[in-house]
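# Architecture and fold: a report
Spelled out, the chains give:
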Amino acid sequence: RLHGEFLKQPRLAAIIMDSLPQSDLPTWYANLLQQLVVPNWQFFAYFVTYCEFIVGLAFLIGFLVRPTALLGIFLMINYIY
C-alpha cells in the first residue's frame, strides 16, 4: 500500500462506493462511509495503511500487544463490514 496507488488515487473511495449497493450494511454505517470516509478518502487511506503497519510491527516486537490488538480488532471489524 505504501508503494502503490492506494495513497495517491481515490481507490479507497472507489472500493467503498462499488461495494455499498451490494452489501447489507446497517444504514448508520453506510451513511458514515458515504458522508465521512468517501469525502476524506486520503486521510483514511493513510490511517488504514499506517494502522496496519503499527499493528504488525507491535506484534512482531511484542510492544503494547494488548492495546494494539484492540486496534487490530477495530480494523478487522471494519474489513468484515
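Below, the structure is looked at part by part.

Conventions used here
Residues numbered from 1 in each chain as written. Predicted model: local features only at pLDDT ≥ 70, side-chain atom pairs only at ≥ 80, totals over all residues. Heavy atoms only, no water. Phe/Tyr/Trp six-rings, centres within 6.5 Å; stacked < 30°, edge-to-face > 60°. Helix = DSSP H or I, 4+ residues; strand = E, 2+ residues; numbered from the N terminus. Buried < 20%, exposed > 50% of the residue type's maximum accessible area, 1.4 Å probe, protein only. Contact = heavy atoms within 4.5 Å. Core = buried A, V, L, I, M, F, W, Y, C linked by side-chain atoms within 4.5 Å.

### Digging into the packing of aromatic side chains
Overall, the coordinates contain 4 aromatic pairs when judged by the stated rule. Aromatic pair Phe43 and Phe44: ring centres 5.1 Å apart, planes at 80°, arrangement edge-to-face. Both rings, one in Phe43 and one in Phe47, keep their centres 6.1 Å apart while their planes meet at 20°; by these two values the pair is stacked. Of this pair, Phe43 and Phe47 both sit in helix α3 (residues 41-61), 4 residues apart, roughly one helical turn. The exposure class of Phe43 is exposed, given its relative accessible area of 54%. An aromatic cluster is defined as three or more aromatic residues linked by ring pairs; in this entry it consists of Phe43, Phe44 and Phe47.

### Some words on the side chain of Thr68
Relative to the helices and strands, Thr68 is located in helix α4 (residues 65-80). The exposure class of Thr68 is buried, given its relative accessible area of 8%. Non-local contacts of Thr68, meaning those with residues more than four positions away in its chain, are made with Ile54, Val55, Ala58, Phe59 and Phe63.

### Structural notes on the nonpolar core
Leu12, Ile16, Leu20, Leu25, Leu33 and Val37 are the most contacted members of the largest nonpolar core, which totals 15 residues. Elements with a contribution of two residues or more to this core: α1 (11-19), α2 (27-37) and α3. Broken down by element, the residue count for this core peaks at 4 residues, all from α2.

### Quick look at unusual backbone geometry
Residues apart from glycine generally show negative phi values, whereas peptide bonds are mostly found in trans. Unusually for a residue other than glycine, Leu64 sits at a positive phi of about 50°. Along the chain, Leu64 falls in the loop between α3 and α4.

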